[in-house]
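# Inside the fold
Here is how the chains run, residue by residue.
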Amino acid sequence: MFEHDAVAVTDALRPMSAVQIEQTRSFIAGLEAGSQTYWDMVEIGEERSRELTLTAELVILYADGVEDYNEWYEGWRMNSWRIEGRSPFGGAIVPPLLVSHFVLSVQFDHTRPFAIGSIHTNHDSEILAPIPVGATVRITTCATDKYEKRGRRYVRHAVKVEDVADGTLYFRETRDILSL
Amino acid sequence: MDEADTRSLRVTRDTPLGFELQPVKKKAAIQLMGSRLWGRFNPNHWDPVYAAETGLKAPIQTGEMSSAYIAEMCVNHFGAAMFAGARVVCKYIASTYANEIITTHGIVREKIAKGDGYRFIVDVWADNDAGEKKTVGFVEVDVDV
């Protein structure tokens, strides 16, 4: 049933049983199917935009992943579930760089193949206003440049994040992606 | 962290150049690196086999995780000011590998008079236990303006 040797395809970093190994290899094979380089997928001037509701649960998923337990970000607590939360701005707010992380899923959204070999190399981010937990934002990215430096290929994006309801500009960013 | 726990850390207009921010320390845990919201979309962030096939000695963290660590340190010291008119610039200069212990650092480099206070410029970086820098950059934030 299994093509792989359980010892050969996992290690102590991520201990797995034979069935987990098979599931993992299958998942990765699916990602790789039809993968392309990001360089080839993007044209300068291309703009992409998506709306995202920053639910309390989404904020908790982000903060837990980096073990940031600041109570200002808690619009959800175990046992209480959804709460208003508290911060210097009133209710719960989202961590300062959270929306930066979601820029990835505008650049590499579900309509595109896996961008093999791409690495985020830098960001210059302006945090302009606090974002309340529960806000729906529009994340817009525009590919502003493709350039080569020391034999490596980069794609630069300009990003803005606005409130869908009232147009508040929350966040701006310039970021580079290194591509195979 | 509760706000009361960090109030004593807050930077004020009187904080001098050279002031060192209190670090935060994290382990690059592969189970967090590969969580759905963080790195699941790219097996280089969580699968040792795939990472080895692409020439990496171990899975690597997304750079944005170290940026988040640096932001946490800055919120501890600057509080609400980090959410209005702040700037965070980070460059990922080396890979953070699974199981490494990452520590953030910050030193006040410059204070530019602004309103009743200052715009602070803080050099920030994240390194491993061997002192190898992984992420470098700076943060700008208004204090008491």
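Everything numeric in this text was worked out from a predicted model, so none of it was measured.

Criteria and thresholds
- Residues numbered from 1 in each chain as written.
- Chains lettered and ligands numbered in written order.
- Predicted model: local features only at pLDDT ≥ 70, side-chain atom pairs only at ≥ 80, totals over all residues.
- Helix = DSSP H or I, 4+ residues; strand = E, 2+ residues; numbered from the N terminus.
- Buried ≥ 20, exposed ≤ 12 C-beta atoms within 10 Å, placed from the backbone.
- Domains from an automatic or database assignment.
- Contact = placed C-beta atoms within 7 Å.
- Nonpolar A, V, L, I, M, F, W, Y, C, P; charged D, E, K, R; others polar.
- Pairing = 2+ DSSP bridges.
- Axes fitted to C-alpha atoms, helices over the stretch in contact; angles between N-to-C directions.
- Core = buried A, V, L, I, M, F, W, Y, C linked by C-beta atoms within 7 Å.
- pLDDT = per-residue confidence, 0-100.

## Some words on the overall build of chain B
The number of helices and strands found in chain B is four helices and five strands. Each helix and strand of chain B, placed in order from N terminus to C terminus, yields the pattern α-β-α-α-α-β-β-β-β. Out of the 145 residues belonging to chain B, those deemed buried represent 46%.

## Brief notes about the domain arrangement of chain A
With domains assigned, chain A is organised as domain 1 (1-33) and domain 2 (35-179). Its C-alpha centre places domain 1 of chain A at a distance of 30 Å from the equivalent point of domain 2 of chain A.

## Regarding unusual backbone geometry
All names here are of chain A. In this model, E67 sits at a positive phi of 55°, which is unusual for a non-glycine residue. Relative to the elements of secondary structure, E67 occurs in the loop between α3 (56-65) and β2 (76-77). Phi at W81 takes a positive value of approximately 65°, unusual for a residue other than glycine. Positionally, W81 belongs in strand β3 (residues 81-82). A tally of 10 C-beta atoms within 10 Å means that W81 is categorised as exposed.

## Here's the deal with the interface of chain B and chain A
Counting residues at the interface gives 39 residues for chain B, matched by 36 residues for chain A. Elements with a contribution of two residues or more to the side of chain B that touches chain A: α2 (30-33), α3 (48-53), α4 (63-78) and β2 (86-92) of chain B. The leading source of residues in the side of chain B that touches chain A is α4 of chain B, at nine residues. Here the side of chain B that touches chain A is built from residues that sort into 25 nonpolar, seven polar and seven charged. Where strand β4 (residues 119-127) of chain A meets β2 of chain B, six bridges bridge the pair, whose relative direction is antiparallel. Paired with D124 of chain A across the bridge in β2 of chain B is V89 of chain B.

## What to know about the pairing of strand β6 (residues 152-163) of chain A
Every other side chain in a regular strand lies on the same face of the sheet, so the side chains alternate between the two faces. All names here are of chain A. Direction of pairing for strand β5 (residues 136-149) relative to β6: antiparallel, over a ladder of 12 bridges. Across the sheet, V137 pairs through a bridge with D163, a residue of β6. Between β5 and β6, which pair antiparallel in sequence order, lie two residues; one of them, R150, sits at a positive phi of approximately 50°. Once β6 ends, the chain turns through five residues before running back antiparallel as strand β7 (residues 169-179), passing G167 with a positive phi of about 80°.

## Details of the sheet that holds β2 of chain B
Hydrogen bonds between backbone groups are what pair the strands of a sheet, and the pairing can be parallel or antiparallel. Across the sheet, 10 strands lie side by side as β1(A)-β5(A)-β6(A)-β7(A)-β4(A)-β2(B)-β5(B)-β4(B)-β3(B)-β1(B); this open sheet has antiparallel pairing. One side of each edge strand has no neighbouring strand; the edge strands of this open sheet are β1 (47-53) of chain A together with β1 (25-27) of chain B. Taken pair by pair, the neighbouring strands of this sheet meet at an average axis angle of 20°, ignoring direction. Sheet topology note: the β6 of chain A/β7 of chain A ladder contains 10 bridges and is antiparallel. Looking across to β7 of chain A, one finds that V159 of chain A is bridged to E173 of chain A. The strands that α4 of chain B touches are β4 of chain A together with β1, β2, β3 (101-114), β4 (117-127) and β5 (133-143) of chain B; relative to β5 of chain B, the one it contacts most, it runs at about 35°.

## Describing the nonpolar core
What tends to happen in soluble globular proteins is that the nonpolar side chains get buried as a cluster. V59 of chain A together with Y69, C74, M82 and V141 of chain B are the most contacted members of the largest nonpolar core, which totals 63 residues. Sort the elements by how many residues they give to this core and α4 of chain B lands first, with nine residues. Excluding its chain neighbours within four sequence positions, the residues that come into contact with C74 of chain B are M82, G106, V139 and V141 of chain B. Within the second largest apolar cluster, six residues are counted, among which are Y38, V42, V155 and I177 of chain A.

## What about the pairing of β5 of chain A?
As paired strands, β1 of chain A and β5 of chain A are joined by seven bridges and run antiparallel to one another. The partner of E47 of chain A across the bridge, within β5 of chain A, is C142 of chain A.

## What to know about the confidence of the model for chain B
Here chain B shows a mean pLDDT of 94. Residues at 70 or above account for 97%. Here the predicted complex carries an ipTM of 0.94, next to a pTM of 0.94.

## Concerning the environment of Q61 of chain B
All names here are of chain B. Relative to the helices and strands, Q61 is located in the loop between α3 and α4. The exposure class of Q61 is buried, given the 29 C-beta atoms found within 10 Å. In this structure, the C-alpha to C-alpha distance between Q61 and W38, residues 23 residues apart in sequence, is 9.0 Å.

## Examining α3 of chain A
Of all the positions in α3 of chain A, only A56, V59, Y62, A63 and G65 of chain A are classed as buried. The elements touched by buried residues of α3 of chain A are β2, β3 and α4 (98-102) of chain A together with α2 of chain B. In the segment just after α3 of chain A, E67 of chain A is the residue with positive phi, at about 55°.

## What about the environment of H105 of chain B?
Residues and elements named next belong to chain B. Tracing the backbone through its elements, the reader meets H105 in strand β3. On the basis of neighbour count, H105 is assigned to the partly exposed category, with 19 C-beta atoms found within 10 Å. Apart from the residues lying within four places of it in its own chain, the contact partners of H105 are P23, V124 and W125.

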